[in-house]
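# Descriptive structure summary
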Amino acid sequence: MTSATHSAAEAAGVPAIELRGLVKSFAPSRGSHDREVRAVDGIDLRVRPGEVVAFLGPNGAGKTTTLDMVLGLTQPTSGTVEVFGGNARAAVVAGQVSAVLQTGGLLRDLTVRETVRMIASTYAVHTPVDEVVERAGLAPLADRRVSKCSGGEQQRLRFALALLPDPRLLVLDEPTAGMDVTARRDFWDTMHADASAGRTVVFATHYLEEADAFADRIVLVAGGRIVADGTTAEIRARASGRTVSATLPAAVVADAVARLRDTDGVRSVEERGARVVVTATDSDAVARLLLLDLGGTDLEIVTAGLEQAFMALTADPRNGDHGRSAVIPGRSAITQDEELVR
């Protein structure tokens, strides 16, 4: 995976991906009264070689459109895309970049091994067919026709095809869609091994737990813009602070709630019988107040979950201009506008 040229480029600090002022707009269809849709709205992003980066965002946030530009499948309206310091499409043609997309590219009448062998024949140099079949977990299915493979098995086949040129960068768009829990775990075990060997991985996913467990870094996209960029812990802290809860004497609950709501840094106070749940930026101050001043017991402090952070940070990124709602991907219907800018 590391030729002398590649090693020199990485030593020189050349990013795996660099996006500057990236914009992608779609004109309305002829005769339509709709206005132009801006799917990507000024993204600046740098991904270092060897990083594992997850793209998260609501349906219609512009994740797939951004990845399409990284792969050279579509051109930006404005701004620039560089992959390993050069043209995105040229990097793909050179075998430096491979992708696992959600659809397309498989011939149903071929077997799994025949499919891999056929695609391998298009490369001057490639990883051995049996090796990529094994690494993708397809050895038991090698003689099965593609038409008889499940959706998850076909995704694993696409992954095997992506490994053939031994790419420096893997771009994955919903790579585990259609896989069961076991297949998803096996897939990510393989990806962990690849990333440990230095391959750069960028993936979009609907599964928050995948981003939490696998990514070194999460880029949260909403309304075509980056609204957060950092580790899971950093994004949680930025979005929601911490949640502090305690059980209070019944006689003081009402007064305690009022006092807590007037405390600096407190974002919300929820009353659950005798237990009070407080979200605040300064959890230590709230804990002292609950324990020392209000007589609280059974104190608990937890960091906000990634789902809470996702909801908070993707809410109304453009003040509702496109009618998008801050929803966990995959848990609501996709509107026509969202499908257009996906």
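Data block above holds the structure.
Remember, predicted model here, so these are calculated numbers, not experimental data.

### Observations regarding unusual backbone geometry
The backbone phi angle of Asp166 is positive, close to 50°, even though this residue is not glycine. For Asp166, the location among the structural elements is in the loop between helix H6 (151-163) and strand E6 (169-173). Even without being glycine, Asp298 reaches a positive phi, approximately 55°. Structurally, Asp298 can be placed in strand E13 (residues 297-303).

### Regarding the packing of aromatic side chains
In total, this model carries five aromatic pairs according to the counting rule given. Both rings, one in Phe159 and one in Phe187, keep their centres 5.0 Å apart while their planes meet at 65°; by these two values the pair is edge-to-face. In this pair, Phe159 is assigned in helix H6 and Phe187 in helix H7 (residues 181-196), connecting sequence segments 28 residues apart. A relative accessible area of 1% places Phe159 in the buried class. For the pair Trp188 and Phe214, a centre-to-centre distance of 4.3 Å together with 45° between the ring planes defines the contact as tilted. Taken together, the residues Trp188 in helix H7 and Phe214 in helix H8 (residues 208-214) connect sequence positions 26 residues apart. For Trp188, a relative accessible area of 8% puts it in the buried group. By relative accessible area, which is 6% here, Phe214 ends up buried. Feature note: the residues Phe159, Phe187, Trp188, Phe203 and Phe214 constitute an aromatic cluster, connected by ring pairs. A cation over a ring is seen here: Lys24 above Phe26, with NZ or CZ 5.7 Å from the ring centre.

### Description of the pairing of strand E3 (residues 52-56)
For a regular strand, the rule is simple: side chains alternate between the two faces of the sheet. In terms of burial, E3 is largely enclosed, as five of its five residues are buried. Along E3, one buried face is formed by Val52, Ala54 and Leu56 and the opposite face, lined by Val53 and Phe55, is buried too. Inspection of the sheet shows E3 paired to strand E7 (residues 200-204) by four bridges, in the parallel sense. Its bridge partner being in E7, Ala54 is matched across the sheet by Phe203. Alignment of E3 against strand E8 (residues 217-222), held across four bridges, turns out to be parallel.

Calculation notes
- Residues numbered from 1 in each chain as written.
- Predicted model: local features only at pLDDT ≥ 70, side-chain atom pairs only at ≥ 80, totals over all residues.
- Heavy atoms only, no water.
- Helix = DSSP H or I, 4+ residues; strand = E, 2+ residues; numbered from the N terminus.
- Phe/Tyr/Trp six-rings, centres within 6.5 Å; stacked < 30°, edge-to-face > 60°.
- Buried < 20%, exposed > 50% of the residue type's maximum accessible area, 1.4 Å probe, protein only.
- Lys NZ or Arg CZ within 6 Å of the ring centre and 35° of its normal.
- Pairing = 2+ DSSP bridges.

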